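Chain and residue survey
What follows is each chain in one-letter form.
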Amino acid sequence: MPGEPVIIEVALNGATSPERNRTVPGSIEEIIAQGHECIDLGATIVHNHLVTHALGLEETVEQYARSFREWLDRDANLLPMPTIASGQGVEGKLGHLDALGAQGVLEIGFIDPGSINLGWAEPDGTPRGFPYVNTYDEMSWAIEQAQRNGFALHFAIFEPGFLRNVFSYWRLGRCTPGTFVKFY
């Protein structure tokens, strides 16, 4: 309907490298600049990955907080959203969200509610990849984290089992206000 509010989410980057797609930001400065461009064009949620995932907790928090603060200075109503980190255990994957929430730069928690093989095709067509695993204990931990911090929850749905898990948490009344799902 004309005049109805719209939420525009952008994902600035992900697993794709600048070598594969020249528009993918290759530095934190480029991430910040692209975020500003998207905000100026009406983005409400800006999702990004850091350029390298092999950072410690302190550096991960520092880089996300830097970009989120700059974006929030541009639009105080923006909802910045990081990604899962590469640390060990659930705290290593999601601990940065607690720190970002404590700094007042994050209002969205997340967990991809399940496990799946993520991959690509080699030049000859051979499939390659890795298992992307989020256990039931990790899902519960992320939901409890969102409850502790007052975060809305973002669930990415990659396959039907993920959605079944979200419906289970919803029926149990464990989803926080503002929870939303996205289908991939």
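Please read these numbers as outputs of a predicted model, since none were measured by experiment.

**A look at the overall build of the protein chain**
When its secondary structure is counted, the protein chain shows 5 helices and 8 strands. Along the chain direction, N to C, the helices and strands of the protein chain fall in the order β-α-β-α-β-α-β-β-β-α-β-α-β. Over its C-alpha atoms, taken along the principal directions, the protein chain stretches across nearly 45 × 45 × 35 Å. Buried residues in the protein chain amount to 41% of all 184 residues. Put simply, 65% of the contacts in the protein chain that link residues at least 6 apart link residues at least 24 apart. Only carbon and sulfur atoms are counted for the fraction: they give 54% of the accessible area of the protein chain, which is about 10,400 Å². When the 12 basic and 23 acidic side-chain charges of the protein chain are each reduced to a single mean position, those positions are 6 Å apart.

**Details of the nonpolar core**
Among the nonpolar cores identified, the biggest contains 41 residues, and Leu-12, Val-46, Phe-68, Trp-71, Leu-94, Leu-100 and Phe-155 are the most heavily contacted of them. Elements with a minimum of two residues in this core: helix 1 (28-40), helix 2 (57-74), helix 3 (89-102), helix 4 (136-149), strand 7 (152-157) and helix 5 (160-171). The element that contributes the greatest number of residues to this core is helix 2, accounting for 6 residues. Filtering out sequence-adjacent residues up to four positions away, Val-46 remains in contact with Val-10, Leu-12, Gly-35, Ile-39, Trp-71, Leu-78, Leu-79, Pro-80 and Met-81.

**Observations concerning helix 2**
For helix 2, which comprises 18 residues, the first-to-last C-alpha distance of 26 Å matches the rise-based estimate of 26 Å (1.5 Å per residue) to within 8%. Within the span of helix 2, buried status applies to Thr-60, Val-61, Gln-63, Tyr-64, Ala-65, Ser-67, Phe-68, Trp-71 and Leu-72. Buried residues along helix 2 sit against helix 1, strand 2 (45-47), strand 3 (79-81) and helix 3.

**Observations concerning the side chain of Gln-63**
Take Gln-63: it is sitting in helix 2. Overall, the relative accessible area of 18% leaves Gln-63 in the buried class. Excluding residues within four positions of it along the chain, Gln-63 makes contact with Ile-28, Leu-50 and Leu-55.

**Some points on the layout of surface pockets**
Size it by volume and the largest pocket reaches roughly 1,000 Å³. Around the largest pocket, the lining is made up of 32 residues, and of these Ala-15, His-49, Thr-83, Leu-118 and Phe-130 lie nearest the centre. For the lining of the largest pocket, the elements supplying multiple residues, two or more each, are helix 3, strand 5 (116-121), strand 6 (127-132) and strand 7. Tallying contributions element by element places strand 5 first for the lining of the largest pocket, with 3 residues. Its residues placed into classes, the lining of the largest pocket shows 15 nonpolar, 12 polar and 5 charged.

What counts, and at which threshold
Numbers given for residues are sequential positions, taken from 1 along each chain in its written order. Per-residue local features are limited, in this predicted model, to residues with pLDDT of at least 70; the limit for side-chain atom pairs, both in listing and counting, is 80 or more; totals at the level of whole chains, interfaces and linings are taken over all residues. As a rule here, side-chain values come from all non-hydrogen atoms in the structure, and water together with hydrogens is ignored. Helix and strand labels come from DSSP, where a helix needs a run of H or I of at least four residues and a strand needs a run of E of at least two; each type is numbered from the N terminus. Three exposure classes are used, based on accessible area relative to the maximum for each residue type with a 1.4 Å probe and protein chains only: buried under 20%, partly exposed in between, and exposed over 50%. Throughout, a residue-residue contact means that at least one pair of heavy atoms, one from each residue, lies within 4.5 Å. Note on areas: Shrake-Rupley with a 1.4 Å probe; residue coverage comes only from the protein chains shown. Charged residues are defined narrowly, with Lys and Arg counted positive, Asp and Glu counted negative, and His plus the chain ends left uncounted. A single reference atom marks each charge: NZ on Lys, CZ on Arg, CG on Asp, CD on Glu. Nonpolar core, defined: a set of buried Ala, Val, Leu, Ile, Met, Phe, Trp, Tyr and Cys residues in which side-chain atoms within 4.5 Å join the residues together. Take the residue count of a helix, subtract one, and multiply by 1.5 Å to get its expected span. Cavities and pockets are defined on a 1 Å grid built over the protein atoms alone: a cavity is a set of grid points where a 1.4 Å probe fits but cannot escape, while a pocket is an open set with protein on both sides within 12 Å along at least five of seven lines, and lining residues are those with an atom within 4 Å of any such point. Grid points are joined across faces, edges and corners, and a volume is the space filled by probe spheres set on the points. Think of it as three bins: nonpolar holds Ala, Val, Leu, Ile, Met, Phe, Trp, Tyr, Cys and Pro, charged holds Asp, Glu, Lys and Arg, and polar takes everything else, Gly as well.

In short, shape yes, function no, at least from these values alone.
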